[in-house]
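Chain residues, written in single-letter form:
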Amino acid sequence: MTYQLEVCIDNIESLHNAIAGGATRIELCSALALGGLTPSVGLMQQAAKAATIPVYAMIRPRQGDFFYSDEEVAIMTSDIHAAHQAGLQGVVLGLLNQDGSIDAGRSQTLVSLAQSLGLGVTFHRAFDQCSDAFAALETVISLGCERILTSGLARTAPLGTEMLAALVQRSAGRIAIMAGAGVNAENVSQLAQATDVTELHMSGKTTRASHMQFVAHESKMGASDQDDFIVPITDTEAIRRTAFALKSIR
């Protein structure tokens, strides 16, 4: 069995770390602490130059829910064009209606745009906030997306094992189900075997100290509980251990 290991990142240092660890695809974001938002054009361009594996850009214009205004959809349209112009391989998106169903109409517009530009499409974890998982599955399949990133509607993918397995069975090869949220080297083998997913998604987050020699103690750039001299990055070894665990599945 061949498994795909997608790693979500939000800075260029992490891109190199993820690839070195054995990632087979990148989900490129900004603000992973907020669940991932659209990356800057500059980050898209640099990732396209540096990556040796496919890179998919998150298309999410703000934090919060996935019920978007027309203005926000217009932003998403522009960002899909930016991902194409940067030379990326795909985009990651998700839109819901107020009742928790998939916003099929506007999703189709965005998916069709991406496909017309030669971009692949992942439907992201907006799926985990849908009101009817199996109805949502059929809608996303009808949109023509390549895969759904989901935790099985649970807080973590291991907790959503039963639903993930059901989604794989219901999908019957029509779309890939990619398990994400809380995936690591310790649980990835059991998760893959229990659900029959062949694509896994993780962040492998860690931090490193700033390389600054001078440290300002009084000023704060963001929330008071955030340390401006700690840099969140992807842990190469965490990715490597997870990739090895997947390759070891018999």
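Residues numbered from 1 in each chain as written. Predicted model: local features only at pLDDT ≥ 70, side-chain atom pairs only at ≥ 80, totals over all residues. Heavy atoms only, no water.

- Labelled according to an unreviewed UniProt entry, the protein appears under the name PF03932 family protein CutC, originating from Vibrio furnissii.
- In its Subcellular location (unreviewed entry) section, the UniProt record describing the protein reads: "Cytoplasm".
- The heading Sequence similarities (unreviewed entry) in the UniProt record of the protein holds the text "Belongs to the CutC family." (UniProt positions renumbered as here; feature names shortened; annotations may be inferred.)

Topic: the environment of Leu 143
In step 1: Inspection of the secondary structure puts Leu 143 in helix 5 (residues 133-143).
In step 2: On the accessibility criterion, Leu 143 (3% relative accessible area) is buried.
In step 3: Spatially, the C-alpha atoms of Leu 143 and Val 111 are 6.9 Å apart, while their sequence positions differ by 32 residues.
In step 4: With near-sequence residues (within four places) excluded, Leu 143 lies in contact with Ile 102, Ala 104, Ser 107, Gln 108, Val 111, Gln 115 and Phe 123. (Helix = DSSP H or I, 4+ residues; strand = E, 2+ residues; numbered from the N terminus. Buried < 20%, exposed > 50% of the residue type's maximum accessible area, 1.4 Å probe, protein only. Contact = heavy atoms within 4.5 Å.)

A few points about the packing of helix 1 (residues 12-21) against helix 2 (residues 41-50)
In step 1: Packing of helix 1 against helix 2 brings their axes to within 10 Å, and their N-to-C directions diverge by 30°. Classed by the angle they form, the pair helix 1 and helix 2 counts as roughly parallel. As for how helix 1 packs across helix 2, the hand of that crossing is right-handed. Taken together, the residues of helix 2 that come into contact with helix 1 (itself represented by Ile 12, Leu 15 and His 16) are Leu 43, Gln 46, Ala 47 and Ala 50.
In step 2: Among the residues making up the contact of helix 1 with helix 2, the classes are represented as five nonpolar, two polar and no charged. (Axes fitted to C-alpha atoms, helices over the stretch in contact; angles between N-to-C directions. Parallel < 35°, antiparallel > 145°, perpendicular 65-115°, else oblique. Left-handed = near helix turned anticlockwise from the far one by under 90°. Nonpolar A, V, L, I, M, F, W, Y, C, P; charged D, E, K, R; others polar.)

Re the state of the cysteines
In step 1: As enumerated under the stated definition, the model contains zero disulfides in all.
In step 2: No disulfide involves Cys 8; its sulfur sits 5.9 Å from the nearest other cysteine sulfur, which is in Cys 29.
In step 3: Look at Cys 8 and you get buried, because its relative accessible area is 7%. (Disulfide = S-S within 2.5 Å.)

Comments concerning the sheet that holds strand 8 (residues 199-202)
In step 1: With respect to topology, eight strands assemble into a closed barrel ordered 1-2-3-4-5-6-7-8, the strand pairing being parallel. Recorded for the sheet is a direction-independent mean angle of 25° between the axes of neighbouring strands.
In step 2: One ladder, built from four bridges, connects strand 4 (residues 90-93) with strand 5 (residues 120-123); its direction is parallel. Looking at the pairing, Leu 93 lines up with Phe 123 of strand 5.
In step 3: In this fold helix 6 (residues 161-171) packs onto strand 6 (147-150) and strand 7 (176-180), with an angle of close to 170° to the strand it touches most, strand 7. (Pairing = 2+ DSSP bridges.)

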